[in-house]
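# Observations on the model geometry
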2 protein chains.
Amino acid sequence: MKQIVIVGLGLIGGSIAMALEGFEDYELVGVVRSDATRDYAVAHGVCDRITQDAGAVIPTADVVWLCQHPGGIAAFLNQYKDQFKAGALVTDVCGIKTAIMEAARVLPPEVDFIGCHPMAGKETSGIQNAEAALFQRAHYIITPGPDSSAEHVDLMERMARHMGFRDVVNTTPEHHDAIIAYTSQVMHIMAVAVCDDPDLFGCKGFEGGSFRDCTRVAALDVPLWTELFSMNAPALCKVIRNLEDNLRAYREVIESGDTGALADKLTWSANRKRKMNLE
Amino acid sequence: MKQIVIVGLGLIGGSIAMALEGFEDYELVGVVRSDATRDYAVAHGVCDRITQDAGAVIPTADVVWLCQHPGGIAAFLNQYKDQFKAGALVTDVCGIKTAIMEAARVLPPEVDFIGCHPMAGKETSGIQNAEAALFQRAHYIITPGPDSSAEHVDLMERMARHMGFRDVVNTTPEHHDAIIAYTSQVMHIMAVAVCDDPDLFGCKGFEGGSFRDCTRVAALDVPLWTELFSMNAPALCKVIRNLEDNLRAYREVIESGDTGALADKLTWSANRKRKMNLE
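Please read all numbers here as calculations on a predicted model, not as lab measurements.

So, about the sheet that holds strand β5 (residues 89-92) of chain B. Residues and elements named next belong to chain B. Strand order in this open sheet of eight strands is β3-β2-β1-β4-β5-β6-β7-β8, and the pairing throughout is mixed. Both edges of this open sheet fall to β3 (49-51) and β8 (167-170), since each of them pairs with a single strand only. Taking the axes of each pair of neighbouring strands and ignoring which way they run, one obtains an average angle of 25° across the sheet. Sheet topology note: the β5/strand β6 (residues 112-118) ladder contains three bridges and is parallel. For V90, the partnering residue across the bridge sits in β6 and is F113. Contacts from helix α1 (residues 11-19) reach β1 (2-7), β2 (26-31), β4 (63-66) and β6, with the element oriented near 160° to β1.

Structure below.
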C-alpha cells in the first residue's frame with residue numbers, strides 16, 4: 001500500500017485529510033504536534049494513522065503534503081531534506097508560491113516538489129473547523145518545478161478531483177503570486193482597512209450583506225498573514241496602490257458633482273464585472 | 001377593509017408586496033407602470049389588486065409604500081401631494097434619507113411621512129427576482145418626521161415584524177446617511193474600484209470566496225446608485241478618504257519590511273473585527 005503523509009492537521013491540512021479519505025490505494029498518515037490535535041484526529045477518524053514523529057514516516061511516504069505556515073514549511077524542508085524517499089512527490093498548501101518553490105530547492109533532485117494553493121478557506125482555524133467539503137467548487141492551483149514529472153502532475157490532478165475541486169490551474173509561481181496579491185491578499189487588506197474606520201462600532205444595526213461579506217475575513221490569523229503579505233510585498237503593494245488610485249478617482253468624480261461622469265464611470269466598472277461573469 | 005398601496009413593483013417593492021401578504025386586515029394594491037410588470041404580478045398573485053393608475057388609489061390608501069428610485073419618489077410626492085388621504089402613512093425604501101425627508105416636506109401636515117430603509121437587496125433587479133424571504137434577518141431602519149404619530153411608528157414596526165426583519169432601528173435621516181455611507185455605499189464603491197484593476201480579466205481561476213464576496217455588488221444598477229452616491233456625496237467622500245488613508249497605512253507598513261509593526265497593525269484591526277462580532 002502506498003502512503004500519503006499530511007504534515008499539520010489544522011483547518012487546511014485536516015480538511016485535506018478528510019477530503020482525501022478513500023483516495024485510491026493510499027494509506028493516509030497525519031503528522032501532528034499537539035496532543036489536542038492528535039486526540040481530536042483519532043477521535044474523529046481523521047487519517048488512517050496519526051503520529052507525532054515526522055521522522056518516522058517521511059522516509060516511507062510516496063506523497064507528502066506540507067500544511068504548515070510558510071515559515072514552518074521552509075523549516076521542515078530544511079530539517080528533513082535528506083530523509084524523503086527517492087521518487088516522492090512533496091507538495092504544500094501555501095498562499096504564496098515563489099518563496100516556497102525557492103525553499104524547496106534544498107531538496108535533492110530525486111524528490112519532486114510541486115507547489116499547490118487550494119483556493120479555499122474559512123475565517124476560523126484548527127482541526128475542529130476542518131471539513132471534507134471545504135474544497136467543493138474551489139480552484140486548485142499548482143506550480144510544478146522545471147523537472148516535475150508528468151506522472152506527479154497527473155497524481156496532483158487526481159487528488160484534486162477526489163477532493164472535489166472545481167478545476168486545476170497550472171501556472172508559474174511568479175504569475176500565481178502577482179495574481180493572488182489581487183484576488184486574495186488585497187481582499188484581506190481591504191477587510192482590515194474597513195475595520196479601522198472610526199465609525200466601526202457605531203454601525204451595528206446599519207450593516208447589510210455587502211458589509212458582512214467584505215469584513216468577513218478581517219478576523220484573520222495574524223502570524224500567517226504577516227508572513228504571506230511580507231513574502232509577497234512588491235506585488236501586493238502594487239495592487240494596494242492601484243486600489244487607492246481607483247478609490248480616489250471615484251471620490252473625485254463624486255466630489256465634482258458631475259453626475260453624468262459618475263454614471264459613465266459606474267457603467268464602465270459594472271460592465272467589467274458583468275463581462276467577468278464569475279460563477 | 002384598510003388599504004396598503006405599493007408604488008413600484010421592482011425587486012424591493014415586489015418583495016415587500018410578497019412579504020406583506022396576509023398582513024392584518026389590509027388589502028394590498030400594487031401600482032405599476034409597465035405591462036410586463038403588471039402581467040407578472042397578476043400571474044404570480046403579487047398583491048390583491050394591480051393598477052397602472054396611481055391617481056385612482058392614492059386617495060383611498062391608508063398606507064403608501066414608495067418603492068421607486070430617489071428621483072422618482074420626489075417626483076411622485078410632488079405630483080400627488082394633494083391627493084393623499086388625511087391621516088395616511090406614507091413611507092419609502094430609499095437608501096438615503098435626508099434628501100427624501102426633505103422631498104416629503106411638500107406633503108400637507110395631515111399626511112405622515114416616515115422614511116424607511118430596508119437593509120436588504122440583491123445584485124439583480126425587477127419583480128422576477130423579488131421574493132418574500134428577502135428581508136429575513138435584515139435590519140429595518142426608520143426615520144420618523146418631527147410630527148410622526150406613535151401609532152404610525154407602531155404600524156411600521158408591525159409591518160417589519162410581519163415581513164421577517166430582524167429588528168427595527170429608529171434614527172434620524174442625518175445619522176442614517178452618515179453611517180450608510182460607510183456600511184453600504186463605500187462597499188459598492190470598493191467593489192467597482194476592485195473591478196477597475198487592469199488584472200481583472202486575468203484573474204479567472206485564481207479567485208476565492210473573499211473576491212467573489214467583495215465584487216458581488218459591482219454589477220450595480222447605475223441610475224439608482226448614481227443618485228444615491230450623489231445625494232450623499234459629502235458623507236460618502238469622507239468615508240472613501242478614510243479608506244484610502246487606511247489602505248495607504250497598510251501599504252506603507254508592508255513596504256517598510258517591518259514585520260513586527262505589520263503584525264501589531266493586523267492584530268489591532270483583527271481585534272476590532274472580533275469585538276464588532278457581527279451575527
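Now that the structure has been shown, the text picks up again.
This next bit is on unusual backbone geometry. Even without being a glycine, R137 of chain A presents a positive backbone phi close to 70°. For R137 of chain A, the location among the structural elements is in the loop between β6 (112-118) and β7 (139-144). Its relative accessible area of 49% is what places R137 of chain A among the partly exposed residues. The backbone phi angle of E24 of chain B is positive, close to 40°, even though this residue is not glycine. Judged by its relative accessible area of 41%, E24 of chain B falls in the partly exposed class.

This paragraph deals with the interface of chain B and chain A. With 84 residues of chain B in contact, the opposing surface of chain A contributes 84 residues. The junction of chain B with chain A conceals about 8300 Å² of combined surface from both sides, 68% of it contributed by carbon and sulfur atoms. In this structure, the connection of chain B to chain A is made through eight salt bridges. A salt bridge links E255 of chain A to R241 of chain B, with the shortest nitrogen-to-oxygen separation between them at 3.7 Å. In this assembly, chain B and chain A are joined by 28 residue pairs in polar contact (both at pLDDT 80 or more).

Between the two copies of the chain lies a rotation about an axis combined with a shift along it. Superposition record for chain B on chain A: RMSD 0.0 Å, screw rotation 180°, translation along axis 0.0 Å. Expressed as an axis order, the relation between the two copies is that of a two-fold axis. Most of the interface of chain B is mirrored in chain A, where 100% of its interface residues again form contacts.

The final tally for this structure, using the stated rule, is 36 salt bridges over all chains. E252 of chain A is paired through a salt bridge with R248 of chain A; the nearest N and O atoms lie 3.9 Å apart. One end of the pair, E252 of chain A, and the other, R248 of chain A, are both in helix α10 (residues 233-256), four residues apart, so they sit about a helical turn from each other. A relative accessible area of 32% places R248 of chain A in the partly exposed class. For the salt bridge of K85 of chain B with D62 of chain B, the shortest nitrogen-to-oxygen distance reads 2.8 Å. Placement of K85 of chain B in the loop between α4 (70-80) and β5 and of D62 of chain B in the loop between α3 (54-57) and β4 is noted, with a sequence separation of 23 residues between them. Residue classification places K85 of chain B among the partly exposed residues on the basis of a relative accessible area of 31%. Shared partners join several salt bridges into a network, and the residues in it are R241 and E244 of chain A together with R251 and E255 of chain B.

Rules behind the numbers
Residues numbered from 1 in each chain as written. Chains lettered and ligands numbered in written order. Predicted model: local features only at pLDDT ≥ 70, side-chain atom pairs only at ≥ 80, totals over all residues. Heavy atoms only, no water. Pairing = 2+ DSSP bridges. Helix = DSSP H or I, 4+ residues; strand = E, 2+ residues; numbered from the N terminus. Axes fitted to C-alpha atoms, helices over the stretch in contact; angles between N-to-C directions. Contact = heavy atoms within 4.5 Å. Buried < 20%, exposed > 50% of the residue type's maximum accessible area, 1.4 Å probe, protein only. Buried area = accessible area lost by both parts, 1.4 Å probe. Salt bridge = Lys/Arg side-chain N within 4 Å of Asp/Glu carboxyl O. Polar contact = N/O pair within 3.5 Å; in protein donor to acceptor, adjacent residues only side chain to side chain. Least-squares fit on C-alpha atoms with pLDDT ≥ 70 in both.

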